[in-house]
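# Per-entry structural report
Single-letter residue listing:
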Amino acid sequence: MLSLRYKADTSIPVEVEGLTPSAVRNMSLAEIQRFEIFHGNRKVPLAEFFDVSGDPADARFEFEGNLAGVHWIGAHMAEGEIHVRGDAGRHVGSEMTGGVIHVHGNASDWVGGEMHGGLIHVHGNAGHLIGSAYRGSQTGMTAGTILIDGSVGNEVGLTLRRGLLAIGGGCGDFVGANMIAGTVLVFGPCGNRPAAGMRRGTVGLLGENPPALLVSFRKSCVCQPLFLLLIFRHLQSLGFAVPRECWSANYRLYHGDHVAVGRGEVLIREREAG
Amino acid sequence: MSSGFLKIAGGTVYDPAHGVNGERRDIWIREGKIVDPPSDPEVRPERTVDAADLVVMPGGVDMHCHIAGPKVNSARKMRPEQKRKAEKVMRTPSTRSGTMGSVPSTFATGYKYAGMGYTTAFDAAIPPLAARHVHEEFEDTPCIDKGFFVLMGNNHFVMQSIQRNEPERLRSFIAWLLGAAKGFTPKIVNPGGVEIWKQLPSGNVHGLDENVAHFGVTPRQIVEQVAHAVDSLRLPHSVHIHANNLGMPGNWRTTLETMKTLGDSRGHLSHIQFHSYGGGEADENTFNSKAAELVEYVDAHPNLTVDVGQVLFGETTTMTADGPLGYYLSNAFKSKWFSSDTEMESGCGIAPIEYKNTSLVHSLQWAIGLEWYLLAKDPWRVVMSTDHPNGGSFLAYPQIIQLLMDRTYREEMLKDVHPAVLERSRLGDLTREYSLYEICIITRSGPARILGLKNKGHLGPGADADITIYTPNDDKTKMFELPRMVIKSGVVIVEQGEIREPLTGKLLYVAPEYDASIETDISEWFEKYYSIRFRNYPVSLDYLHDPEEVSCA
Amino acid sequence: MSTPAANTPPHRAGVRGGDPGPVDSSATVIEDSTCTFCGCVCDDIDITVKDNHITEAKRACVLGKAWFFNHHADDRPSCLIEGRPATVAEGVERAARILTDAKYPIIYGLSDTTSEAQRVAVGIGDTIGGTVDTTTSVCHGPSGMAFQGVGEVTCTLGEVANRGDLIIFWGGNPAESHPRHFTKYSLMPKGMFVPNGRKDRTAVGVDVRKTKTAKAMDLFFQIKPRSDFEALWTLRALAKGIEVDAQQVKNDTGIELARWQDLMDRMKAAKFGVILFGMGLTMTRGKHLNSEALLSLARDMNAFTRFVVKPMRGHGNVTGADNVVTWQTGYPFGVNMSRGYPRFNPGEYTSSDTLARGEADAALLVACDPMANFSQPARERLQAIPYIALDPKDTPTTRAATVAFTTATYGINVPGTVYRMDDVPIVLRPAFPSSHPSDFDVLSAIQRRVTELKK
């Protein structure tokens, strides 16, 4: 395991893009300490901002400290495991293709941006555009799993192509907007205009007081979809808490967004009687 | 005392304009021009480039590309996702950073052209209302000399003059407009079709004799009359035509008709590959190549020239002044779509596209481009282009060169495309391989001559000292991708892929004479219909960086 | 050795468009002068200049008149360093040091200046590895983002004047923000295909409150605040013939379904529909997705008839800023060059964010006033970092600047090029000279110096 203890105190963005378990696996500690990262427009050696110790051979990183100002942690990662014991910045796990990232704190915007595989678990809150496409992309995330225990901001799963996103807390506006396929489940409250422009895929609004859907969604039926229970079981096996009421609840199914292709589904948990 | 001479010594020189085919020669340069060797044998050059065993050619000339102006810039704005994933153009102490993808930023465009040994490029389609924008972008496009063609095929004053059967008026207007924009020649794009697009949903013309509503002219008349006017003005380059029905199955007939309409007038048909399709009306299943038929006609008519518009497989961006075409493509590929109609003058459509070798149509398009090169008898009249970026990036030119020079390479690629190519085109039967001499013609000597640029595309005394030096390599893609050295206006601007001196480059324009009394007419027309004042429209000479007038015969 | 073109500022800015005439006490009339107050960029203003004052501005609207009349030659110092007068050269030196010492310098503003000056500013951003952003990011940036998602169907303003027969104003108040727009472009002109001018047109307004614009409309839709997205979505559904729930439409938008249906019928029956939209869409909840809904609607409509949209751009040359930043870097605004090449990400590299999060450690502000307009955290950060401000006016931003340059006003004193809201480039015809340097002059000097320092 490679230990990276953050020792800097700067509000200027620190970017560690390229620092992945694969990249340093065969490097000596001294080489890793010289690994170039960016502090604003300056290239600096990793050791200037992190106390680096341990052994990279098992492809496991342990970041420690308040890394809210450190960006691109785990970006492009293909294998291995990263733990952040503290907050993390923007673009956590961006475009990763494999491996596991745990943030034991909050993360910022663009967690899992255009992700292509692997698992990200943020145990706190996260920002906007989780599991989303970057601006202009006609396709977003294509594979992988993102679990956020807390709440997130707007445009979760924007233009999602495939993959599973689960939000334990609430989400902001436009969850699953322009979605192509894939699954987004929100267990807490949800902002407005969910699934706008949705083409296919599934959005589950499983919290209390779900918002109204846009006029271009068509109510279908009330059901207890089996696939949802299978996903819940899967989520639990990954250490994500699924509220008890979700297991036995009924779900109202809507089809839409008919302004787009309209073969998507939105499942809204029915309020329990009484 | 410095002699001011630069000598390129002992290179293997290709200068088809002077019939020089791989001869060992010296080239002398002074004050930005190629000159005769000094008569005094005591005079030493300031610098000698040892070009022994290296191939020396004039700098490349791209006579049809889209690199500046509002259409190109909108395409840049529209494709951040492509730029994000593309090659990064890093800043250096003497060069600016930039982005690539199919629509590079301006500095990157200049550096990349130069890095490939190209020293002149012409933007193919500019609405004159935006001329100023183009001049600004050109000033930020270093290393190459530039010019542009002025859109006129859907210009209201042009159509009115034709309808009124007033060729003198048309002639004067064209001359005035070229001078106002500081452009190079009239460009006709889907004549009449773009005007109909502005009037009707999915509007377009489908034949040369259709009436353009409200204006009472036909596409045929527009082509004929503008071509006459250009020849009577003795512009260095002919009228430049993007014919009606681009991309449609069966459009080869429209193309042939357009060529016939030109009669004896000079005419250049651009990206001819896109206009060489047989087949039924909009029926993909009958899509086939009619390149051979059209090549035969062009070969027999020396007044005609073409550039190919080669398609390469991969992602790119279509951008065209042919507004309805942009709409059609974006619907066909379900992609994002930009369209902008310029008052009184033209339109534009932009849509991302991916050419796939699994697609029958795309594979045929690829094949048809190659057919044109391989079937044409006269390489002086068939110019290499990809209609950058419509068929692909200009960075693909080295690959096209290899496809033309190396039959084995071509056959390998043929194995990977849609099998229908073998039945519906002749490419499988064509064994011709281009020589370096012929490549030199289709990438520099030919286009320079077609553009009427007497000082470009050759290495004789008086030519601009625009020279590219290549290291010979059996892998022609590699050879042409990375010249050893590029000289522009007598300055070494690129060495081993590195930009040494990013100079600004010249703006080449024409200023044909015209009867100034027409300006009264034009200003009245402006007053009635334009949203900008007549006085503010023309671009004055002091607006331009390093302008050079190319005289009219 | 010649100066590499990359770092050579454009040479024409000093001579283009005609230099202002000599100081003269008799009146001069400059015809077809250009007003840069709003995005209309009217180029038909005949101004009368006397004693370095503009005394008349024929055809200018109330905003244009205020623009032209309020410029006087003044003897404020051209440069202040920490509030004390200094020479421009000293200011340039100090500015260059601030910018090259910084690790995350930002360059912001740029909309109220010439494209020639904008080009130099972007070059400075490249050299110092900074982040370049323009006022677009707080205005129609969201529309730019929407454009990147779905594209845009648009035209130049002359097309609106010649063809537009159904004109919809959405989320803006052009009667007050662009006073000559109706007359010059969108409602009054007797165009080629609308020969009877206003009579051949139907004007529709959609806004959350009845403004002066509403009064000029034939139809007005006063929608519920922050329901633009729902309204646009309803129209998109109607265009596609999708049945929608009337009660929900009424709840969502505050307008009866029947009225929306009527509007859609008119839209389909139009020959050339035009939607002109403003901050009501881009700066309310939904932002770029509001813009995207509108751009998508226009695209949908082209299946039935010709339809275009136009964002109503504000400041005179904000469109120019978009264009310049795009052609030089490939991206329109919020462009970061810290790592030696351009990167784009609104929300990450846009100035209100880089300041509010305390990331910027120096700034070069050109023709903008963030000290008056930005959020509290952003202003606090700006206060805390060294920054350089260029502005013809004395503003909260210039007053708190480490180095403040008083620059000549573009269009009044300085020639150059600007871009109208529809991307048409127009030259400026300046009225009288100024003792102050132009933005172009100051920025060029800074660029030369930062280039030397970065070697």
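Residues numbered from 1 in each chain as written. Chains lettered and ligands numbered in written order. Predicted model: local features only at pLDDT ≥ 70, side-chain atom pairs only at ≥ 80, totals over all residues. Heavy atoms only, no water.

### A look at the overall build of chain B
For the record, the criterion: Here a helix means four or more residues in a row that DSSP labels H or I, a strand means two or more in a row labelled E, and each is numbered from the N terminus. Note that the radius of gyration is over C-alpha atoms, with the globule rule given as 2.2 Å times the number of residues to the power 0.38. Only protein chains enter the accessibility calculation, which uses a 1.4 Å probe. A residue is then buried if its area is under 20% of the maximum for its type, exposed if over 50%, and partly exposed in between.
The helix and strand inventory of chain B stands at 18 helices and 26 strands. Over its C-alpha atoms chain B spans a radius of gyration of 23 Å, differing by no more than 12% from the 24 Å that the globule rule assigns to 553 residues. For chain B, the spread of C-alpha atoms along the three principal axes comes to 70 × 60 × 45 Å. The buried share of chain B, reckoned over its 553 residues, is 68%.

### Some points on the overall build of chain C
To keep things clear, this is the line we draw: For the area figures, the Shrake-Rupley method with a 1.4 Å probe applies, and any residue is considered shielded solely by the protein chains shown.
In terms of regular secondary structure, chain C is built from 19 helices and 20 strands. Relative to a compact globule of 455 residues, whose C-alpha radius of gyration would be 23 Å, chain C shows 23 Å and is just as compact. Principal-axis analysis of the C-alpha atoms places the extent of chain C at approximately 65 × 55 × 40 Å. Within the span of chain C, comprising 455 residues, buried residues form 69% of the whole. Of the roughly 14,300 Å² that chain C leaves accessible, carbon and sulfur atoms contribute 52%.

### Describing the pattern of salt bridges
Residues and elements named next belong to chain B. Let me state the cut-off plainly: Here, a salt bridge means any Lys or Arg side-chain nitrogen found within 4 Å of an Asp or Glu carboxyl oxygen.
Evaluated as defined, the whole model comprises 79 salt bridges over all chains. Among the salt bridges present, the one from D475 reaches K478, with a minimum N-O distance of 3.4 Å. Given the relative accessible area of 24%, D475 is considered partly exposed. You can call K478 exposed: its relative accessible area is 52%.

### A word on the interface of chain C and chain A
Applied cut-off: The contact criterion used is simple: two residues touch if any of their non-hydrogen atoms lie within 4.5 Å. By definition, the buried area sums, over both parts, the 1.4 Å-probe accessible area that each loses when the two are put together. In the analysis that follows, any N or O atom pair within 3.5 Å is treated as a polar contact, provided that within protein one partner can donate a hydrogen and the other can accept it, and provided that, for residues neighboring in sequence, both atoms belong to side chains.
Residue-level contacts link 46 residues of chain C with 36 residues of chain A. With both sides pooled, the region where chain C packs onto chain A buries about 3,300 Å², and carbon together with sulfur makes up 51% of that total. The largest per-residue losses of area from chain C upon contact with chain A belong to C:K103, C:W233 and C:R339, which jointly make up 20% of the total buried on that side. Across the chain C-chain A interface, the total number found is 7 salt bridges. Across the salt bridge formed by A:E15 and C:R343, the nearest N and O atoms sit 2.8 Å from each other. Our count for the contact surface shared by chain C and chain A stands at 28 residue pairs in polar contact (both at pLDDT 80 or more). Only α2 (88–101), α4 (141–150), α9 (228–239), α10 (246–253), α13 (288–301) and β15 (343–344) of chain C provide two or more residues apiece to the side of chain C that touches chain A.

### Focus on the state of the cysteines
Residues and elements named next belong to chain C. Going by this rule: Cysteine sulfur atoms are paired as a disulfide whenever they come within 2.5 Å of each other.
Throughout the structure, instances matching the rule amount to 0 disulfides over all chains. In this structure C61 is a free cysteine whose sulfur lies 6.2 Å from that of C38, the closest cysteine sulfur available. For the unlinked cysteine C79, the closest cysteine sulfur is that of C368, found at 17 Å.

### Notes on the pairing of strand β3 (residues 36–39) of chain A
Residue and element names in this part refer to chain A. This is how the line gets drawn: Strand pairing requires that DSSP identify at least two bridges connecting the strands.
Relative to β3, strand β2 (residues 14–15) runs antiparallel, the two sharing 2 bridges. Counterpart to E15 in the pairing with β3 is F38. Examined bridge by bridge, β3 and strand β4 (residues 42–45) share 4 bridges and lie antiparallel to one another. Bridge pairing in β4 links H39 to R42. Taking the residues that link successive antiparallel strands as the turn, the β3-β4 hairpin has 2 residues, and the phi of G40 there is positive, at about 60°.

### Re the packing of aromatic side chains
All names here are of chain B. Spelled out, the test is: Ring geometry is summarised as follows: Phe, Tyr and Trp rings, the Trp one being its six-membered ring, pair when their centres sit within 6.5 Å, and such pairs are stacked at plane angles under 30 degrees, edge-to-face over 60 and tilted between the two. Geometrically, a charge over a ring is one whose NZ (Lys) or CZ (Arg) sits within 6 Å of the ring centre while staying within 35 degrees of the ring normal.
Throughout the structure, instances matching the rule amount to 44 aromatic pairs over all chains. Seen in terms of ring centroids, Y113 and Y118 are 5.9 Å apart; in terms of plane orientation they differ by 55°. Their pairing is tilted. No difference in accessibility class separates Y113 from Y118, as the two residues are buried. When the ring centre of Y118 is taken as origin, the NZ or CZ atom of R444, which lies over that ring, is 5.9 Å away. Just above the ring of W380 sits the side chain of R449; from NZ or CZ to the centre is 3.8 Å.

### Some words on the sheet that holds β2(A)
Strand order in the open sheet formed by 4 strands is β4-β3-β2-β7 (chain A), with mixed pairing between adjacent strands. Each end of this open sheet is capped by a strand with a single partner; those strands are β4 and β7 (70–71) of chain A.

### Points about the sheet that holds strand β3 (residues 53–58) of chain C
All names here are of chain C. Formally: Every axis corresponds to a line fitted to the C-alpha atoms, with the helix fit spanning only the stretch in contact, and the corresponding angles, defined between N-to-C directions, vary from 0 to 180 degrees.
An order of β1-β2-β3 is seen for the 3 strands of this open sheet, with the pairing classed as antiparallel. On the outer flanks of this sheet lie β1 (28–33) and β3, each paired with one strand and no other. Averaged over all pairs of adjacent strands, the angle between strand axes in this sheet comes to 25°, irrespective of strand direction. Examined bridge by bridge, β1 and strand β2 (residues 45–50) share 4 bridges and lie antiparallel to one another. Each bridged residue has a counterpart across the sheet, and for S33 the counterpart in β2 is I45. Relative to the sheet, helix α1 (residues 62–69) contacts β1, β2 and β3, its axis offset from that of β3 by approximately 160°.

### Re unusual backbone geometry
Residues apart from glycine generally show negative phi values, whereas peptide bonds are mostly found in trans. Omega for the bond connecting A:G256 with A:D257 falls within 30 degrees of zero, at -5°, which places this linkage in the cis form. Looking at the element boundaries, A:D257 is found in the loop between β16 (251–256) and β17 (264–269). B:P389 follows B:H388 through a cis peptide bond whose omega is -5°. Here the phi dihedral of A:F174 falls at roughly 60°; this positive angle occurs in a residue that is not glycine. By the element assignment, A:F174 lies in the loop between β12 (164–167) and β13 (183–186). Residue A:F174 is classed as buried on the basis of its relative accessible area of 3%. The phi dihedral of C:R226 is positive, around 60°, even though this residue is not glycine.

### A short note on the interface of chain C and chain B
Interface size is commonly expressed as the accessible surface area that is lost when the partners come together. Put simply, the rule reads: Amino acids are sorted into nonpolar (Ala, Val, Leu, Ile, Met, Phe, Trp, Tyr, Cys and Pro), charged (Asp, Glu, Lys and Arg) and polar (every other residue, Gly among them).
On the chain B side, the residues contacting the 76 residues of chain C number 68 residues. Summing both sides of the interface, chain C and chain B together bury roughly 6,100 Å²; the carbon and sulfur share of this comes to 50%. Taken as a group, C:M192, C:R306 and C:W327 account for 12% of the area that chain C buries against chain B, more than any other trio of residues on that side. At the junction of chain C with chain B, the criterion picks out 9 salt bridges. Tallied by class, residues from the side of chain C that touches chain B come to 30 nonpolar, 24 polar and 22 charged. By the bridge criterion, 5 bridges tie strand β18 (residues 337–341) of chain B to strand β8 (residues 151–155) of chain C in an arrangement that is parallel.

### Topic: the domain arrangement of chain C
Residue and element names in this part refer to chain C. We count it as follows: Each domain span listed reflects an automatic or database assignment of domains.
Here chain C is described as being made up of domain 1 (74–139 + 316–425 + 432–454) and domain 2 (141–311). Put simply, the middle of domain 1 and the middle of domain 2, counted by C-alpha atoms, are 34 Å apart. The partner domain 2 presents 14 residues to the 12 residues of domain 1 that form the contact. Summing both partners gives a buried area of about 990 Å² for domain 1 against domain 2, and 65% of it is carried by carbon and sulfur. Area buried by domain 1 at its contact with domain 2 is led by C139, M421 and D422, which between them contribute 53% of it. Summed over the shared surface of domain 1 and domain 2, the number is 0 salt bridges.

### A short note on the nonpolar core
Inside soluble globular proteins, nonpolar side chains tend to come together where they are buried. As a reminder, the rule being used: Take the buried Ala, Val, Leu, Ile, Met, Phe, Trp, Tyr and Cys residues and link them wherever side-chain atoms come within 4.5 Å; each set so joined is a nonpolar core.
Counting 187 residues, the largest nonpolar core has B:W366, B:W372, B:Y373, B:L404 and C:F68 as its most contacted members. Looking at which element gives the most residues to this core, the answer is helix α12 (residues 360–375) of chain B, with 10 residues. Beyond its immediate sequence surroundings of up to four residues, B:L404 is in contact with B:L370, B:Y373, B:L374, B:M384, B:R410, B:R432, B:E433, B:Y434, B:I439 and B:I442. Counting 119 residues, the second-largest nonpolar core is a separate cluster that includes A:I73, A:L160, A:V203 and C:A146.

### Focus: α12(B)
Residue and element names in this part refer to chain B. Put simply, the rule is: Between the first and last residue of a helix there are one fewer steps than residues, each counted as 1.5 Å, and that sum is the expected span.
When the terminal C-alpha atoms of α12 are compared, their 21 Å separation across 16 residues agrees well with the 22 Å that a helix rising 1.5 Å per residue should span. Counting buried positions over the 16 residues of α12 gives 15, a clear majority of the element. The N-terminus of α12 is capped by S359, whose side-chain oxygen sits 3.3 Å from the backbone nitrogen of V361.

### Examining the environment of A:A47
Residues and elements named next belong to chain A. Looking at the secondary structure, you find A47 in helix α3 (residues 46–49). Expressed as a C-alpha distance, the spacing of A47 and W72, which sit 25 residues apart in the sequence, is 17 Å. In contact with A47, not counting residues within four places along its chain, are K7 and Q33.

### Notes on the packing of helix α5 (residues 156–163) of chain B against helix α8 (residues 219–232) of chain B
Residue and element names in this part refer to chain B. Condition: The cut-offs work like this: below 35 degrees is roughly parallel, past 145 is roughly antiparallel, 65 to 115 is roughly perpendicular, and the gaps in between are oblique.
Packing of α5 against α8 leaves a shortest axis separation of 10 Å and a crossing angle of 95°. Regarding the angle of α5 to α8, the classification is roughly perpendicular. Taking contact as the criterion, the partners of V158, M159 and I162 in α5 are, on α8, Q221, I222, Q225 and V226. Taken together, the residues that form the contact of α5 with α8 break down as 5 nonpolar, 2 polar and no charged.

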